[in-house]
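Breakdown of the fold
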Amino acid sequence: MDAFIHQLLAGLATGGIYATMALALVMIHQATHHINFAQGEMATFSTFIAWALLQAGLPYGWALLATVALSFAMGAAVEFAIIRPMRRAADLAQVVVFIGLLIVFHSLAGWLFGYTIKEFPSPFPADAWHGSRLMSAHETGTIFVTLAIVALLFAFLRLTPLGLAMRAAAQNPASARLLGISVGRMLMLGWGLAGAIGAVAGMMVAPVVFLDPHMMTGVLLYAFAGALLGGIDSPAGAVLGGFIVGVLENLLGSYVVGTELKLSVALVLIVAVLIVRPSGLMGTRIVKRV
């Protein structure tokens, strides 16, 4: 029973990382109605920036803040310089751009920082008060970080004029323009927030899997499954889906399919959701009348 409870709690901690990445995917999808296949590579690149700052002697807290700020600027710059000029292009062309971004960020990370595996420190000491026999301090801290990000993002989107303008620009750009909202700036803000959220996810997963340019490949797949399960247009659904995928991955990997086939859990889940309920658990169901 202790082993089962440990796997369940560890799944929640892993699900927190997936939930954070799924949240970043939803932010981009709301802005572009496409999946940013480069989200994981952008998060990896941000984590390498944090590693470089730590190696330069910067304290962890300052390195985190600097990385989040730089990642926000990077996401906004990508939207302004690459995505915005493609907004009227065909869907296939935009998908190719996202795949190109994946390759570019992956190659840049390897070129600038190398392909050797690097250790990345956890922000939570091993003997922290929130650690226990069943959950490490880092696992518990990851859940706290995820919930804090969700709370801050919810408050921003629901309670601030800028957040309301951002939601309006994503849901109905034409009406938002009539109300005087700069849709371009709001979409750029969404990309910036996605970049910042991805950076935090990368810094949470790096102490677990070690840091290298391939670090987020599997994480992005699980996050995509979580976003689809919860609803690709629902931030709350993405968080719920991420936690569910984390628990399922750990339990099925430990007791059913084995660790070698854990990645297949995400693939099966993606196919099942697309077949049975494409809108996800909390997503908006689109009905077309002819």
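Right, let's walk through the structure included here. (Residues numbered from 1 in each chain as written. Predicted model: local features only at pLDDT ≥ 70, side-chain atom pairs only at ≥ 80, totals over all residues. Heavy atoms only, no water.)

What to know about the packing of aromatic side chains
Defined as follows: Under the pairing criterion, centres of Phe, Tyr and Trp rings, with the six-membered ring standing for Trp, must be within 6.5 Å; the plane angle then separates stacked pairs below 30 degrees from edge-to-face pairs above 60, leaving the rest tilted. Elements are defined by DSSP. Helices are runs of H or I of four residues or more, strands are runs of E of two residues or more, and each kind is numbered from the N terminus. Exposure categories follow from relative accessible area, calculated using a 1.4 Å probe and restricted to protein chains: below 20% of the type maximum is buried, above 50% is exposed, and the middle band is partly exposed.
One pass over the structure, following the stated rule, counts six aromatic pairs. Taking 6.4 Å as the distance between ring centres and 70 degrees as the angle between the ring planes, the aromatic pair formed by tyrosine 60 and phenylalanine 120 counts as edge-to-face. In this pair, tyrosine 60 sits in helix α3 (residues 60–83) while phenylalanine 120 sits in the loop between α4 (91–113) and α5 (137–159), placing the two residues 60 residues apart along the sequence. By relative accessible area, which is 18% here, tyrosine 60 ends up buried. Take phenylalanine 120: its relative accessible area is 6%, and that puts it in the buried class. Taken together, a centroid distance of 6.1 Å and an interplanar angle of 5 degrees make the contact between phenylalanine 98 and tryptophan 191 stacked.

Considering the packing of α3 against helix α8 (residues 183–209)
Put simply, the rule is: Here an axis means a line fitted to C-alpha atoms, over the contact stretch when the element is a helix, while the angle between two N-to-C directions is reported on a 0 to 180 degree scale. Comment on the angle field: the value is read as roughly parallel under 35 degrees, roughly antiparallel over 145, roughly perpendicular from 65 to 115, and oblique elsewhere. By definition, any crossing whose near helix is turned counterclockwise from its far helix by less than a right angle is left-handed, and any crossing with a clockwise turn is right-handed.
The geometry of α3 relative to α8 is characterised by a closest axis approach of 7 Å and an angle of 140 degrees between their N-to-C directions. By the criterion of interaxial angle, the relationship of α3 to α8 is oblique. Relative to α8, the crossing made by α3 is right-handed.

Some points on the nonpolar core
Condition: Remark: nonpolar core denotes a set of buried residues (Ala, Val, Leu, Ile, Met, Phe, Trp, Tyr, Cys) joined through side-chain atoms within 4.5 Å. A contact between two residues is defined here by any heavy atoms of the two lying within 4.5 Å.
Formed by 79 residues in total, the largest nonpolar core has its most connected members in Met21, Leu101 and Phe120. In terms of residue count, α8 provides more of this core than any other element does, 14 residues in total. With residues near it in sequence (within four places) discarded, leucine 101 still touches Ala38, Val78, Ile82 and Ile83.

Observations regarding the environment of alanine 10
In this structure, alanine 10 sits in helix α1 (residues 2–32). Judged by relative accessible area, which is 8%, alanine 10 ranks as buried. Other than its neighbours up to four places away in sequence, alanine 10 contacts Glu139 and Asn250.

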